[in-house]
Every structure is written in structure tokens, then in C-alpha cells.
Amino acid sequence: MISQDHVKLAEMLAAGTKARRVEWKRSVDLDTFQLTFETNGIKLSRFEYDDRSSVYCIELLDGAGDQIDQFDSDDLDAFYRGSTGNRQSAAGSDMLREMFESARRQALGIDTALVTLIAQLEDAGVQTPTPRAIEIEDDEDPFKEE
Amino acid sequence: MAVLGLVVGAISLFVGAQQLALTREAVDKTLTAAEAARDATNEMLLRIHALDAIEALTVAIQMMGTNKDFHRLDVWPTMPNRYADIRSKLQIVRDVLVDLPQHDKTIIQQAVQNLRSMEHKIERLLAAGEGISRDETVMLNHTTAEDVDALNELLTQIKLQHGSGSHD
């Protein structure tokens, strides 16, 4: 069972990540990104299972880099289900999934790379194509008047 | 006779006041000298601490550089102990230079976290009897190189701040 402070930490991390107030970096482990503070750290990992479901895990690290606590998206889901009465709530999983994707994009520099590549293509004279209308065959158009 | 007594008393008082002033001046000088000696000692201690930190950081960076070669040569069984040794050197830097700015402490913490992750990863793979793939080696060396770059910048900064160039 996680505490109110665990939930608060997860929510603050999610907000800080969304606002780019924290700087996620790569870790040596697959699908794991990390934050570093003066004498502590945080790791965010994704574990994928055979049924294609994912669990997101937050680890708290001490000054020696050792794990001192951890909780995951299932713990957060259980907390939100208990506090809201919504037995189907996946608010914790949704929050950590979104945070993980943002952390991944930031740590790998994906957004920066996209902007740079688009700028270079524009410099090379490549035009942004206009969206093409979807061509629907007459016999497939459900709105065609008979 | 009474006048003579007053004169003698006044002279005695004057001489006493002079002696008191001289004594006070001597005490002040002694205190100033003691304070100067204390300041000099503190400064010397700070300098010794800075030199300790510079030495520990230099060794840590050298060991991390060698780690990249060891990774390429697959010298895995010795690595966990090396990672731990380097972490303890970085801990010395953090313990000794307690007034490091937040950004610099973060650089050290980042390296410590990565070394701990490497230690854990290699221990786990060795215990499972699994090998370390080329991709994983590349990732380990990439992370090590990034940390070495950041720590080298920190080392240069500490040397400049503490006026040392003798521990290269």
C-alpha cells in the first residue's frame, strides 16, 4: 500500500515532466530513464509482459545509487480506485504511461531531432505537402445518393 | 605633605593606566596573531581537502576511462568491484567538498547512479550465466563517456577554484 506522499511524488513528477521542469536522462537499463538530484535520484521503467500489457515503475534512489523504495502503476491505480470509488479507474497507469513517453522523448532527444530534421528539409526546399483528400470509390461511398 | 601625596598618587595612577594600556595592546596582538594562525590553519585544511578531492576525482576519471577498454575486452567478472571502487572515490569528493554547487553535486550523483546500475546489471548477468551483448557494451561505454566528460569539466573547475594544477 502506497502513501499519500508516493501519490504526491508521482503527480509532481508527471507535472514537472509535462512542463519540462525536470530533465530525464538515459539509463544503462532498457526502457529506463532517470532523474538526478543533489543526493538522490529517481528511475522510471517500463516492463512489458507477454499479453502486451505494461507496468510502469518508479524507483527512489539514495546517494549511493541504491534503491530505497519503489512503487508502480498498479499501486497508483489501486490508490485512485480507493479514493474515487471508481473500480475501473486506470488513472495511475495513464499518468505514468504519459510521463514515460515524455521522459523517453526528452532523454533520447526525439523532439529536438524532429524539429532539426524538419528545418533541414525545409532549407533543402522540400515543401510541406497538403493533406490529400481520401479518394473513395463510388461504390464504396455510403453517402452517395442512389 | 598632602599635596605631595596627591602628586604621587596621580603619578601612580598614570603609570598604572599606561601599563594597563600596554598590557591590553599586548593581549590584542596575541589575539590577532592567534586568529591569523587559526585562519591560516583553516585555509590549509581546506586546501588539503581540495587536494584530496582532486586526487580522488582524477583517479575515478582514469578508472572510468579504463572501464571502457575492459568492457570492449569482456573483462566482466572484475567490473562490479571496479564500479564500487569508483563510487567510493566519488563519495570522497562529495564528502570533502561539502559546499559544491547543486549542479556539481548532481553531476557526481548522476555518475554514482550510473555506476550502481552498471554494477547491478553486470552482477545480475554474471549470476544468471548470461553474456553481455555488443549493444549493451556500446550502451555502457556511451554512458561512461558522458559521465567522464561531465566529471572532467568538474575537475577542471575545482582545480581552477583551488589553484591546483599539480595533480594532473
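Residues numbered from 1 in each chain as written. Chains lettered and ligands numbered in written order. Predicted model: local features only at pLDDT ≥ 70, side-chain atom pairs only at ≥ 80, totals over all residues. Heavy atoms only, no water.

1. As for the overall build of chain B
Logical step 1: Regarding its fold elements, chain B presents four helices and zero strands.
Logical step 2: Along chain B, from the amino end to the carboxyl end, the secondary structure elements read α-α-α-α.
Logical step 3: Referenced to the eigenvectors of the C-alpha coordinate spread, the extents of chain B come out at roughly 110 × 30 × 25 Å.
Logical step 4: Counting all 168 residues of chain B, 34% fall into the buried class.
Logical step 5: Surface accessibility of chain B: about 10100 Å² in total, with carbon and sulfur atoms responsible for 60%.
Logical step 6: Measuring between centres, the 16 positive side-chain charges of chain B sit 2 Å from its 23 negative side-chain charges. (Helix = DSSP H or I, 4+ residues; strand = E, 2+ residues; numbered from the N terminus. Buried < 20%, exposed > 50% of the residue type's maximum accessible area, 1.4 Å probe, protein only. Areas by Shrake-Rupley, 256 points an atom, 1.4 Å probe, with all protein chains shown as cover. Lys, Arg positive; Asp, Glu negative; His and termini not counted. Charge placed at Lys NZ, Arg CZ, Asp CG, Glu CD.)

2. What about helix α3 (residues 91-108) of chain A?
Residues and elements named next belong to chain A.
Logical step 1: Between its first and last C-alpha atoms α3 spans 26 Å; for 18 residues at 1.5 Å apiece the expected length is 26 Å, and the two agree.
Logical step 2: Of the positions making up α3, those classed as buried are G92, S93, M95, L96, M99, F100, A103, Q106 and A107. Projected down its long axis, α3 carries its buried residues within an arc of 160°, all on one side.
Logical step 3: Phi turns positive, to about 70°, at G109, one or two residues after α3. (Expected span 1.5 Å × (residues − 1). Arc of directions from axis to C-beta.)

3. Concerning the side chain of D77 of chain A
All names here are of chain A.
Logical step 1: Checked against the element boundaries, D77 lands in helix α2 (residues 73-84).
Logical step 2: Buried D77, no salt bridge; nearest opposite-charge side chain is R81, N-O distance 4.4 Å.
Logical step 3: Looking at D77, its side chain comes within polar contact range of the side chain of S93, at 2.5 Å.
Logical step 4: The residues touching D77, leaving out its near neighbours within four places in the chain, are S89, A90, A91, G92 and S93. (Salt bridge = Lys/Arg side-chain N within 4 Å of Asp/Glu carboxyl O. Polar contact = N/O pair within 3.5 Å; in protein donor to acceptor, adjacent residues only side chain to side chain. Contact = heavy atoms within 4.5 Å.)

4. Comments concerning the packing of aromatic side chains
Residue and element names in this part refer to chain A.
Logical step 1: Under the counting rule described, the total for this entry stands at three aromatic pairs over all chains.
Logical step 2: A centroid spacing of 5.5 Å and a plane angle of 55° characterise the contact between Y56 and F100, whose relative ring orientation is tilted. In this pair, Y56 sits in strand β4 (residues 54-61) while F100 sits in helix α3, placing the two residues 44 residues apart along the sequence.
Logical step 3: Classification of F100 as buried rests on a relative accessible area of 0%.
Logical step 4: Centroid distance F79 to Y80: 5.9 Å. Interplanar angle 80°. Geometry classified as edge-to-face. No difference in accessibility class separates F79 from Y80, as the two residues are buried.
Logical step 5: One aromatic cluster in this structure is built from F33, Y56 and F100. (Phe/Tyr/Trp six-rings, centres within 6.5 Å; stacked < 30°, edge-to-face > 60°.)

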